[in-house]
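# Structural overview
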Amino acid sequence: MAALSLPSGGYADDPLIVYSGRAERLIQPVLDAFQVESGITTQMLTADSTALINRLQMEGSQTPADVLITNDAGTLERARELQLLRPAVIRDVENTIPIRFRAPDNSWIGLSGRIWVIVYNTTMVNPGDISSILDLAKPQWKGKIAIPSAGSVYLQSGVSVIRAVQGDEVATAFLRGLKNNAGSLVYGKNRQIVAAVARGEVAAGPVNHYYINRHLAKHPDAPIASLPTDQGKQGMGVVLNATGIGVTAHTKRLTQVQALIRFLISPKGQRVFADVNKEYPLNPNVTAAPELLPLQNIQVASVPLSRLAQLRDPTMTVIEEVGLR
């Protein structure tokens, strides 16, 4: 967790306080670009997104936070349901960020997208042998995959989508298969899975796409590639999730917050997400990095992001029942 020295007096000239469920390295570059553009400074507290929601609840009207940024739209929707966020009036947002990436009242707004894919070692796997994310639960992958831990919001959202599309029985069988096949190869970070696949310790694993691209940017000769699954008429589509931002209910710096959000959804802000993080920009006027498969060419699961909040608790129950650690 990053240290945070909270401002004590006045409001307009104080830094914007950002509670961030994203790692600092993934959000600080765009905040730095915002400061250069606007002259407005920010201070960031990073922690698990659920912990930040609990903190906002505890702090109530005394919270210093001006915005909440999370790596999962479902978490933002949960914050909205708890009345921790307020509707945002952002000029031109309706023409900038598609409605499927926003709350109905704009209390949270998507910033960047990512898809859940399979990273595979190109010397160990024929990609034609995998058509669905569910294939990783089949017995032939025993001892050959690495998986995220039970606390991974990416795993939680992925299983939530599988439950919504395929049902609890399929989702439970999937989790049991992953647990059996991975054994002790359970990691807290996507980048650890990518590194294990690149080293040839395992053949494959489910991750967010951009961790693969970030690894290849540093290690261009790594024998890894990205495989979007569940495509075609019989496929449910890949799991799509979004980083987003919400305006806290008790911010006293609304003008500065609005300026921050306008920047983040502008072409300049969106380019940082695209070029530095290798995520998908959600502003349709901004193109993704050239090494990414265009999002419009990828079949995406049809579960609304706003449903992830209501799906989360039952999903956690399934994960706990399976005993995934």
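Residues numbered from 1 in each chain as written. Predicted model: local features only at pLDDT ≥ 70, side-chain atom pairs only at ≥ 80, totals over all residues. Heavy atoms only, no water.

Counting its regular elements, the chain contains 10 helices and 10 strands. The C-alpha atoms of the chain give 20 Å as radius of gyration, which agrees with the globular expectation for 325 residues (20 Å, within 12%). Projecting the C-alpha coordinates of the chain onto the three principal axes gives extents of approximately 60 × 40 × 40 Å. The buried share of the chain, taken over its 325 residues, is 56%. Surface accessibility of the chain: about 13,800 Å² in total, with carbon and sulfur atoms responsible for 49%. The positive charge centre, built from 31 side chains, and the negative charge centre, built from 27, are 2 Å apart in the chain. (Helix = DSSP H or I, 4+ residues; strand = E, 2+ residues; numbered from the N terminus. Rg over C-alpha atoms; globule rule 2.2 N^0.38 Å. Buried < 20%, exposed > 50% of the residue type's maximum accessible area, 1.4 Å probe, protein only. Areas by Shrake-Rupley, 256 points an atom, 1.4 Å probe, with all protein chains shown as cover. Lys, Arg positive; Asp, Glu negative; His and termini not counted. Charge placed at Lys NZ, Arg CZ, Asp CG, Glu CD.)

Turning our eyes to something else, we now look at the packing of helix 1 (residues 24-38) against helix 8 (residues 254-265). Where helix 1 meets helix 8, the closest approach of the two axes is 10 Å, and the angle between their N-to-C directions is 115 degrees. One finds that helix 1 runs roughly perpendicular with respect to helix 8. As for how helix 1 packs across helix 8, the hand of that crossing is right-handed. Across from Val-30, Leu-31, Ala-33, Phe-34 and Glu-37 in helix 1, the residues of helix 8 making contact are Gln-256, Ala-259, Leu-260, Phe-263 and Leu-264. Of the residues belonging to the contact of helix 1 with helix 8, the class tally is eight nonpolar, one polar and one charged. (Axes fitted to C-alpha atoms, helices over the stretch in contact; angles between N-to-C directions. Parallel < 35°, antiparallel > 145°, perpendicular 65-115°, else oblique. Left-handed = near helix turned anticlockwise from the far one by under 90°. Contact = heavy atoms within 4.5 Å. Nonpolar A, V, L, I, M, F, W, Y, C, P; charged D, E, K, R; others polar.)

With that settled, the discussion passes to helix 9 (residues 267-275). Every buried residue belonging to helix 9 is among Gly-269, Gln-270, Val-272, Phe-273 and Ala-274, and all of these are buried. Considering only its buried residues, helix 9 is in contact with helix 1, strand 4 (108-121), helix 8 and strand 10 (280-281).

Looking at the chain, the domain boundaries give domain 1 (2-113 + 240-294) and domain 2 (115-239 + 310-322). Look at where the C-alpha atoms of domain 1 and domain 2 centre, and you get two points 27 Å apart. On the domain 2 side, the residues contacting the 17 residues of domain 1 number 14 residues. When domain 1 packs against domain 2, the two sides together hide about 1,300 Å² of surface, and 49% of this comes from carbon and sulfur. Three residues, Arg-25, Leu-240 and Lys-278, lead the burial of domain 1 against domain 2; their summed loss comes to 34% of the area buried on that side. At the junction of domain 1 and domain 2, the tally comes to one salt bridge. On the surface where domain 1 and domain 2 come into contact, there are eight residue pairs in polar contact (both at pLDDT 80 or more). Of all elements in the fold, only helix 1 and strand 9 (240-247) reach the threshold of two or more residues within the side of domain 1 that touches domain 2. (Domains from an automatic or database assignment. Buried area = accessible area lost by both parts, 1.4 Å probe. Salt bridge = Lys/Arg side-chain N within 4 Å of Asp/Glu carboxyl O. Polar contact = N/O pair within 3.5 Å; in protein donor to acceptor, adjacent residues only side chain to side chain.)

What follows is about the confidence of the model for the chain. Predicted coordinates in regions of low pLDDT should not be interpreted in detail. On average, residues of the chain score 93 in pLDDT, and 96% of them are at 70 or above. In this model residues 1-10 is a low-confidence stretch, pLDDT under 50, and it forms 21 contacts with partners more than four residues away in sequence or in other chains. (pLDDT = per-residue confidence, 0-100.)

Counting buried positions along strand 4 yields 14 of 14 residues, so the element is predominantly enclosed. Of the strand pairs in this sheet, strand 4 and strand 9 are connected by seven bridges, and their pairing is antiparallel. Each bridged residue has a counterpart across the sheet, and for Gly-110 the counterpart in strand 9 is Gly-244. The pairing of strand 4 with strand 10 spans two bridges and is classified as antiparallel. Its bridge partner being in strand 10, Gly-113 is matched across the sheet by Tyr-280. In this structure, strand 4 lies alongside strand 7 (residues 204-208), joined through five bridges in antiparallel fashion. (Pairing = 2+ DSSP bridges.)

What follows deals with helix 6 (residues 190-198). Among the nine residues that make up helix 6, seven are buried, leaving the element largely enclosed by the rest of the structure. After helix 6 finishes, the residue Gly-200 shows a positive phi value of roughly 80 degrees.

Tallied over the entire structure, the rule returns two aromatic pairs. Geometrically, the ring pair formed by Phe-34 and Phe-263 is tilted, given 5.9 Å between the ring centres and 50 degrees between the ring planes. Within this pair, whereas Phe-34 is found in helix 1, its partner Phe-263 is found in helix 8, the two being separated by 229 residues in sequence. Both residues of the pair, Phe-34 and Phe-263, belong to the buried class. (Phe/Tyr/Trp six-rings, centres within 6.5 Å; stacked < 30°, edge-to-face > 60°.)

Okay, the pairing of strand 1 (residues 16-20) next. Most of strand 1 is tucked away, with five of its five residues classed as buried. Both faces of strand 1 are covered, namely the face carrying Leu-16, Val-18 and Ser-20 and the face carrying Ile-17 and Tyr-19. Where strand 1 meets strand 2 (residues 42-46), five bridges bridge the pair, whose relative direction is parallel. Looking across to strand 2, one finds that Tyr-19 is bridged to Leu-45. Pairing of strand 1 with strand 3 (residues 67-70), which is carried by three bridges, proceeds in the parallel orientation. By the bridge assignment, Val-18 is partnered in strand 3 with Val-67.

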